[in-house]
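Breakdown of the fold
Below, each chain spelled out in residue letters.
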Amino acid sequence: MEILYIWFQKYLQFEQAGFQLSAQHRFHFDHDNGILHVADNPDYQSDFFRLGDPSKPAVVKQITALVGENGTGKTSFLDYIKNVVLNRQEIQQALIVIKDSRERHLIWYDDTVIELKDVQGRKLISPCFESPKILFPGALSESSAIFISNVFDHSYENQAPHYYNLSTNYLIRGDRLKRLEEERFAEDQKEIDVHRDEEIHRQVLFVHKYKAEYHQELPIPLPERLTVSIRDARPDAEIEINKLLGAYAPFYVQFNQWIEQKIADEQARLHKKDITNREKAALKKSIFMYRAYRASVRSLLKELAAFQNDPYLDSIVGLLNLEKVQSQKETIFQFTRRFLQALINRSNEKDHNYWLENIMKVLNFYDSFAGQIEDWTERVFSIPIELGDIEKSRSHQFIQAYRGSYRAYPYLDFGWHNLSSGQTAMLNLFARLFTRVDGQYFGDNEKLSRDVLLLIDEGELYFHPEWQRRFIHDVISYLTIVFPNNRFQIIMTSHSPFLLSDLPSSSVVYLERKNRKLTVEDGLTSGKKTLAANIHDMFSLGFFMGTTVGEFARIKLNQLIQELGNFEKMKKEDFYIPEGTISHLLSTIRSVGEPLVADRLLERYEQLLDDHEPERYALRQIKYWQQELERLRDKEEGRDD
């Protein structure tokens, strides 16, 4: 499916507005006469967005960028495509032209308010079918759509058959729904906690599989190590312990005191002067292990308290006894493992065992990673992302075990070693898209169709300007590598002028408010040349900015110009202006970054001080001192205000 044109009689802020989304054709709907005009795009180039092998067709067929200031309806336009077009809803007060996977052109419109009498240029889009109100069955069944956005504003998002919502707004809710479908997790788990785990899982899968299966570089370095940190930053208050742990609270207080004492002992040894580097490493690992085991036990006890109605848990409190630990017959680590094994032995529930066995796996992984970790800290360690069979990768196995080791109370956080926030955002974009490569997103096993509509809402958000400049190229390059057999139409929104320089004018739609009315302008007919245009010019040409300097700077410049004008007026009236009176203006002038503006301001400043006529200069001095003398007399006689 490819959306070629949408015309609105009335939709939110759009009124009698047409959106050009085709690379090959230009459309215009004459509502008054009921005529849809179709013409060739004179600047159309087939496979314009092709990267890589010139003998192969372009993976990206067309890109359209909607640009404009906030509040002009860019996101509303994407919402219309998602909620009406992709959900096959009945169309109201609009006309849409679509090309399906069989190269048929469908004109879909609301015949209660639109009378379509003629299509001039019909042969350019032949075969062409009119479909009032509702698309006929199967019209779009062979197409897929993806929506991706990093924006998080609590907007409600959904998805439909062949439409995959990869936006943050949807995934925060959808990740939790996915877990609940597995029936191993509690309903009161926090959405954001689940989302964080699922996001890192997607990223680990992507990093591992991309390294193993693809051999082309990405614009970001793929991380080699995953950072794991314990949620152990502050001790629980007693009232919180009693509330969360219930009958298990007394044991946890005793357990925690034992851990705290052990950590204090190890930290004291760590700061001795004669300690070796090997001993330091061992002590750091020991401190980490105490914190890690405590976090696991605390999460476990919270879970037990939350599910205390389970019959098999009735006698668990009797197992919580630290006598062997206190008598040094076993370590706190041995006790924890023994306690977990006892719970497993007592349970006949598959889901309970799945949870408990995964806690045990996480504890085992701490030990198995020990030989690979060079630098332990008190709460953090990192593990390598291994290549080869992903099912045998310990980094993947560790993430899988952790995801199954809690039902409502997570106790670890994950991040990437030596990856900036911008690089992480790019990694996240690639990882989310990668979930559609093998059809495993949410376990639906549905493959993408050959034709894919990709909607991107402010995809360059959080990126450095240099990365924004590369964004179009990086997306095309990534899709070409990972989806070589698909054909993408991309519709994106943006606030970034850096993107426009990578697009021809026919790929840009401008949204602007003029006299409280929203206008939609086609980039091709606007006269604004964008491809390879100077990015600085794009700020004013494409993004409707009244000025290219900051608002505060604009006000300061205007104040400076006004002050210079006042002094120039005084000079014309034969007032003498000493340098000390205007010297405060010089520092501001010297701070101006635009050379032409700064030079002109400095010239005006120097002209205030420059006077080449000796007699005129002397008269100004006399007048100035007369004024000063008069002011002093007034002050002496008490007339000074």
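Analysis parameters
Residues numbered from 1 in each chain as written. Predicted model: local features only at pLDDT ≥ 70, side-chain atom pairs only at ≥ 80, totals over all residues. Heavy atoms only, no water. Helix = DSSP H or I, 4+ residues; strand = E, 2+ residues; numbered from the N terminus. Buried < 20%, exposed > 50% of the residue type's maximum accessible area, 1.4 Å probe, protein only. Pairing = 2+ DSSP bridges. Axes fitted to C-alpha atoms, helices over the stretch in contact; angles between N-to-C directions. Parallel < 35°, antiparallel > 145°, perpendicular 65-115°, else oblique. Contact = heavy atoms within 4.5 Å. Nonpolar A, V, L, I, M, F, W, Y, C, P; charged D, E, K, R; others polar. 1 Å grid on protein atoms, 1.4 Å probe; cavity = no way out; pocket = protein on both sides within 12 Å on 5 of 7 lines; lining within 4 Å. Points joined across faces, edges and corners; volume = space filled by probe spheres on them. Core = buried A, V, L, I, M, F, W, Y, C linked by side-chain atoms within 4.5 Å.

**Some thoughts on unusual backbone geometry**
Of the consecutive residues Ser-126 and Pro-127, the connecting peptide bond is found in the cis state with omega at 0°. If you check the backbone angles, Asp-47 has positive phi at about 55° while not being a glycine. Looking at the secondary structure, you find Asp-47 in the loop between strand 4 (35-40) and strand 5 (60-68). Of the residues examined, Asp-47 reaches a relative accessible area of 28% and is grouped as partly exposed. The backbone of Glu-103 shows a phi angle near 65°, a positive value even though the residue is not glycine. Locating Glu-103 in the fold gives a position in the loop between strand 6 (94-99) and strand 7 (105-109).

**Details of the sheet that holds strand 3 (residues 25-30)**
Spatial strand order, 3-4-8: three strands in an open sheet with mixed pairing. The outermost strands of the open sheet, each flanked by one partner alone, are strand 3 and strand 8 (118-120). When strand polarity is set aside, the average angle formed by the axes of neighbouring strands in this sheet is 20°.

**A word on the packing of helix 5 (residues 249-270) against helix 8 (residues 332-346)**
Between helix 5 and helix 8, the least distance of the axes is 12 Å, while the angle of their chain directions is 150°. Between helix 5 and helix 8, the interaxial angle falls into the category roughly antiparallel. Contacts between helix 5 and helix 8 involve Phe-251, Phe-255, Trp-258 and Ile-259 from the former and Ile-332, Phe-335 and Thr-336 from the latter. Grouping the constituent residues of the contact of helix 5 with helix 8 by class yields six nonpolar, one polar and no charged.

**A short note on the sheet that holds strand 16 (residues 487-494)**
What holds strands together in a sheet is hydrogen bonding between their backbones, with the strands either parallel or antiparallel. If you trace the seven strands from one edge of the open sheet to the other, you get 11-10-15-16-5-17-18, paired in mixed fashion. Every other strand in the sheet has two partners, leaving strand 11 (163-165) and strand 18 (517-522) as the edge strands with one partner each. The mean angle between the axes of side-by-side strands here comes to 15°, regardless of whether they run parallel or antiparallel. With seven bridges connecting them, strand 10 (residues 143-149) and strand 15 (residues 451-457) associate as parallel partners. Bridging from a neighbouring strand, Ile-146 pairs with Leu-454 of strand 15.

**Some points on empty space enclosed by the protein**
Under the criterion given, the structure shown has three cavities of 30 Å³ or more. Around the largest cavity sit Ile-148, Ser-149, Asn-150, Leu-429, Arg-432, Ile-456, Asp-457 and Gly-459, which together line it. Listed by contribution, the elements that provide at least two residues to the lining of the largest cavity are strand 10, helix 11 (421-434) and strand 15. Of the residues assigned to the lining of the largest cavity, the class counts are three nonpolar, three polar and two charged. If you trace the second largest cavity, you find it lined by Met-1, Leu-86, Arg-88, Leu-140, Ser-143, Ser-144, Ala-145, Pro-161, His-162 and Tyr-163. Ranked by the residues each element gives to the lining of the second largest cavity, the list is headed by strand 10, at three residues.

**Things to note about the nonpolar core**
Of all hydrophobic cores here, the largest spans 108 residues; its most connected members are Phe-206, Tyr-366, Phe-398, Tyr-478, Leu-479 and Ile-490. Aside from chain neighbours lying at most four places away, what touches Phe-206 is Leu-218, Leu-222, Leu-427, Phe-430, Ala-431, Phe-434 and Tyr-478. Core analysis: the next-biggest nonpolar cluster, separate from the first, contains 35 residues, Met-1, Ala-94, Leu-455 and Leu-518 among them.

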